[in-house]
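Listed below, chain by chain, are the residues.
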Amino acid sequence: MSIEAQHITKKFGQFTALEDVSLQIPSGELVALLGPSGSGKTTLLRIIAGLEFPDSGAVHFDGEDITHRKTRDRRVGFVFQHYALFRHMTVFENIAFGLRVRPRNARPSNERIRTKVHELLKLIQLQTLASRYPSQLSGGQRQRVALARALAVEPSVLLLDEPFGSLDAKVRLELRRWLRQLHDEVHITSVFVTHDQDEALEVSDRVAVMNEGRIEQVGTPDQVYHYPATPFVYNFLGNVNLFHGRTEEERTTIHEADTGELVYARPHLLEIHRQPNGDSHFRATIKHINSAGPLVKIEAEAEWGVSVRVEMSQEKFRDLQLVRNEAVFIVPKELKVFQKKVG
Amino acid sequence: MATADTINPGGIMRIRPATAATAESGLVRGALIGTALLFLVVFIFLPLGVVFAQALAKGLSTYWDSLRQPDALAAMRLTLIAAVIAVPLNLVFGVAAAWAIGKFEFVGKSLLITLIDLPFSVSPVVSGLIYVLLFGAQGWLGPWLMKHDLQIIFAVPGIVLATIFVTFPFVARELIPLFQAQGQEEEEAALALGASGWQTFFRVSLPNIKWGLLYGVILCNARAMGEFGAVSVVSGHIRGRTNTMPLHIEILYNEYQFVAAFAVASLLALLALTTLVVKSAVEWKSRRQVAKAARWDGEEQTV
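Procedures and definitions
Residues numbered from 1 in each chain as written. Chains lettered and ligands numbered in written order. Predicted model: local features only at pLDDT ≥ 70, side-chain atom pairs only at ≥ 80, totals over all residues. Heavy atoms only, no water. Contact = heavy atoms within 4.5 Å. Buried area = accessible area lost by both parts, 1.4 Å probe. Salt bridge = Lys/Arg side-chain N within 4 Å of Asp/Glu carboxyl O. Polar contact = N/O pair within 3.5 Å; in protein donor to acceptor, adjacent residues only side chain to side chain. Helix = DSSP H or I, 4+ residues; strand = E, 2+ residues; numbered from the N terminus. Nonpolar A, V, L, I, M, F, W, Y, C, P; charged D, E, K, R; others polar. Buried < 20%, exposed > 50% of the residue type's maximum accessible area, 1.4 Å probe, protein only. Phe/Tyr/Trp six-rings, centres within 6.5 Å; stacked < 30°, edge-to-face > 60°. Pairing = 2+ DSSP bridges. Core = buried A, V, L, I, M, F, W, Y, C linked by side-chain atoms within 4.5 Å. Expected span 1.5 Å × (residues − 1). 1 Å grid on protein atoms, 1.4 Å probe; cavity = no way out; pocket = protein on both sides within 12 Å on 5 of 7 lines; lining within 4 Å. Points joined across faces, edges and corners; volume = space filled by probe spheres on them. pLDDT = per-residue confidence, 0-100. Right-handed = clockwise from strand over helix to strand, strands pointing away.

Trainee: Explain the interface of chain A and chain B residue by residue, including any values.
Mentor: Each partner contributes to the interface: chain A provides 32 residues, whereas chain B provides 25 residues. Summing the contributions of chain A and of chain B, the shared interface buries around 2,700 Å²; its carbon and sulfur component is 55%. The interface formed by chain A and chain B contains two salt bridges. A salt bridge links Glu186 of chain B to Arg87 of chain A; the shortest N-O distance between them is 2.6 Å. The tally of links between chain A and chain B comes to seven residue pairs in polar contact (both at pLDDT 80 or more). Of all the elements in the fold, those that place two or more residues in the side of chain A that touches chain B are strand E6 (76–79), helix H2 (91–100), helix H4 (139–152) and helix H5 (169–186) of chain A. Considering each element in turn, the side of chain A that touches chain B owes the most residues, five residues, to H4 of chain A. A class-by-class count of the residues in the side of chain A that touches chain B yields 15 nonpolar, eight polar and nine charged.

Here it is in structure tokens:
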């Protein structure tokens, strides 16, 4: 089922959570709403779910206007950040809930419910824990039960609100790969909210980057990472160094003084040299070296005093033999230019 | 498991046994514990003992006879009637009000909370007087009630009304923090899964508060049966007709019928003791549920 949000505005008192937001999600796609907290991503998700209603604008499912339809009639599966499992019910009963509350004429038989729940338990690989209570499960297990519970009602749309937000890093990684696999099998239109750019880029077909109640850019992970539409997107997806610069004859150079032009450089696209090699460069002093990890992270101070982050491979670092307080030359390999906003 | 006392799975507070670092000297400990015990004995155990001792002072058969006095039986009946009406009404009202206050934001919410607390802050005698001023013969609604031959003050309806008013906050007060702490996510999950409002309430919200609810009902019932001040004002003390147990006890005592007075009083004391036992059982049961949940928390960290 395709989802379309049209010109949605939502205010909470004085705070504008969403301002004229439009988003199209084709059927079967897995879309990430990515943004910092307060960017309106969760509000947009809850409006799609029918847990909030927009002040203006409309939500369409498969072209049908469902803006004023209640949650229970939208056939959405919603997965909450803190799981929201029914704490007084076993895993089995949690998953069966959506089937048991159906009106009598639409309710499957107990036999049918049991088969269905066991299918789902198998899908989430928790067959042995059917009679446990949520408090007896780990965070990762709880979130998988929440997912199975949402899938039990065979929703036409799956909505996940920071699904892995309260899990530790390792579990989060495993679970998001598992979610991607699951989506490849089930192909249900899915929207998930996250503030973690790695998660968004790794799991989703498309990413909508949100900031201050607006969508900054929508595109494939590749597009938003390599061709960011706004400084915010560039800044939010990965580490970045910000400079003043000037572009003349398609050549961008970094300047010390404010030039009205903002120049961005990713840390791994800055090179450190001992000697100037003819390319555009600036002088800097090495201030800090962190070589634990796949990349060596170096903090240097440019000659005009700003701090610059550089990343390089371990091999390159070994070749260069850099030490603290050494004077070096930094050569930008790729710079991204945005005109400064007026005002 | 040397670390068992310091590890804290599930965030449940555990009381650690006193160590040399946190303990006071023997003298201080003895003095503190002694004071607490003395206080308990003088103010609680001694009076309780006296009630039963006085009630049984002239033997078991006299005790039994004084309980079977028609006036005593009538008082018991009236107390039960008042409780049977007041407790269910306040149960329904308390759950509804706590649900609204705990789960939703609306205009006038703090006013509603204040109103719920009103019976706690107003002296019971004053609340009784309010009913007399409203429904009494010289009250605002008095003439109208007289014309329609309805008697509220100095009759059973007045007693029931006063009881309801006084026991009004117990259930709601118990549930509001529970509802607030639980948030709305489980309800939202139920709605998204297709449950109706009633299904959500009965299958999700209510089971989550059942122990708190039971606790509130027990306290509400204890107060409903034991209330003196408010009921005393509206009752008129008509023997065998408008006397509840606490009022009956007072009359007997004022007439120097000590054995009879303490016999009825012993019933109220028994009610209090039963309430305490049930209350402890409920608390123990709900704590055990939480502890059981917490115990499992540390295990099964596999994904």
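Trainee: Could you give an account of unusual backbone geometry, with specific residues and numbers?
Mentor: You will see that Gln321 of chain A, though not glycine, has its phi angle at about 55 degrees, which is positive. Position of Gln321 of chain A relative to the elements: it lies in the loop between helix H9 (314–320) and strand E18 (327–332). Using a relative accessible area of 56% as the deciding quantity, one classes Gln321 of chain A as exposed. Notably, Asp149 of chain B is not glycine yet its phi reads approximately 60 degrees, a positive angle. When you line up the elements, Asp149 of chain B lands in the loop between helix H6 (142–147) and helix H7 (156–167).

Trainee: I'd like a description of the packing of aromatic side chains, backed by residues and values.
Mentor: Centre-to-centre distance and the angle between the planes together describe a pair of aromatic rings. Residues and elements named next belong to chain B. A full pass over the atoms with the stated rule returns 19 aromatic pairs over all chains. Ring geometry for Tyr131 and Phe165: centres 6.1 Å apart, planes at 80 degrees, overall edge-to-face. Here the residue Tyr131 occupies a position in helix H5 (residues 124–135), and Phe165 occupies one in helix H7, the gap between them amounting to 34 residues. Both residues of the pair, Tyr131 and Phe165, count as buried.

Trainee: How would you summarise the sheet that holds strand E5 (residues 64–65) of chain A if you had to cite specific residues and measurements?
Mentor: All names here are of chain A. If you walk across this open sheet you meet the four strands as E2-E1-E4-E5, and the pairing is antiparallel. The open sheet has two edge strands with one neighbour each: strand E2 (15–25) and E5. Strand direction decides the pairing type here: strand E1 (residues 3–12) and strand E4 (residues 56–61), joined by five bridges, are antiparallel. Looking across to E4, one finds that Ile3 is bridged to Phe61.

Trainee: With reference to specific residues and values, describe the nonpolar core.
Mentor: Residues and elements named next belong to chain A. Residues Ile95, Leu121, Val145, Leu147 and Leu158 are the most contacted members of the largest nonpolar core, which totals 47 residues. Top element by residues in this core is H4. It accounts for seven residues. When neighbours within four sequence positions are excluded, Leu147 is seen to be in contact with Val79, Leu158, Leu160, Trp178, Leu179 and Leu182. Judged by nonpolar contacts, the second largest core, of 39 residues, contains Leu44, Leu45, Ile48 and Met210.

Trainee: Please set out H4 of chain A residue by residue, giving values where relevant.
Mentor: Residues and elements named next belong to chain A. Counted at 1.5 Å a residue, the expected span for H4 with its 14 residues is 20 Å, and the 20 Å between its end C-alpha atoms agrees. Of all 14 residues making up H4, 14 are buried, and the element is well covered by its neighbours. Glu154 sits one or two positions beyond H4 and adopts a positive phi of about 50 degrees.

Trainee: So what about the layout of surface pockets? Which residues, and what values?
Mentor: When its volume is computed, the second largest pocket comes out at roughly 370 Å³. Along its surface, the second largest pocket is lined by 19 residues, and Thr71 of chain A together with Phe104, Glu187, Leu191 and Gly197 of chain B are the ones closest to its centre. Broken down by secondary-structure element, the contributors of at least two residues to the lining of the second largest pocket are helix H3 (70–103), helix H9 (185–192) and helix H10 (197–226) of chain B. When grouped by side-chain class, the residues that make up the lining of the second largest pocket number seven nonpolar, six polar and six charged.

Trainee: Quick one: what's the story with the environment of Leu34 of chain A, residue by residue and with numbers?
Mentor: Residues and elements named next belong to chain A. Mapped onto the elements of the fold, Leu34 is located in strand E3 (residues 30–34). Judged by its relative accessible area of 0%, Leu34 falls in the buried class. For the pair Leu34 and Leu201, spaced 167 residues apart in sequence, the C-alpha separation works out to 9.3 Å.

Trainee: Requested: an account of the confidence of the model for chain B, with residues and values cited.
Mentor: Residue and element names in this part refer to chain B. When pLDDT is averaged along chain B, the result is 83; 88% of the residues meet or exceed 70. In the predicted structure, residues 1–13 sits below a pLDDT of 50 and forms eleven contacts with residues beyond four places in sequence or in another chain. Low pLDDT (under 50) marks residues 296–303, which in the prediction has 18 contacts with non-local residues, meaning those over four places away or in another chain. Here the prediction assigns the complex a pTM of 0.77, and the interface score ipTM is 0.80.

Trainee: I'd like a description of the pattern of salt bridges, backed by residues and values.
Mentor: Residues and elements named next belong to chain B. Applying the stated rule across the entire model yields 23 salt bridges over all chains. A salt bridge links Lys103 to Glu187, with the nearest nitrogen and oxygen atoms 3.1 Å apart. You can see Lys103 sitting in helix H3 and its partner Glu187 sitting in helix H9, a full 84 residues away along the chain. Across this residue pair, the class does not change: Lys103 and Glu187 are buried.

Trainee: Can you tell me about the pairing of strand E7 (residues 157–161) of chain A, naming the residues and giving the values?
Mentor: Residue and element names in this part refer to chain A. With five of five residues buried, E7 is to be regarded as a mostly interior element. Of the two faces of E7, the one lined by Val157, Leu159 and Asp161 and the one lined by Leu158 and Leu160 are each fully buried. Relative to E7, E6 runs parallel, the two sharing four bridges. Each bridged residue has a counterpart across the sheet, and for Phe78 the counterpart in E7 is Leu159. When E7 meets strand E8 (residues 189–194), the two strands line up parallel, connected through five bridges. When the sheet's bridge partners are listed, Leu158 is paired in E8 with Ser190. Assessed by its sense of winding, the connection that carries the chain from E7 through H5 to E8 is right-handed.

Trainee: Go over the pairing of E2 of chain A, please, and point to the residues and values.
Mentor: All names here are of chain A. Alignment of E1 against E2, held across seven bridges, turns out to be antiparallel. Across the sheet, residue Lys11 finds its bridge partner in E2, namely Thr16. Where E1 folds back onto E2 in an antiparallel hairpin, the turn is made up of two residues, including Gly13, whose phi is positive at roughly 65 degrees.

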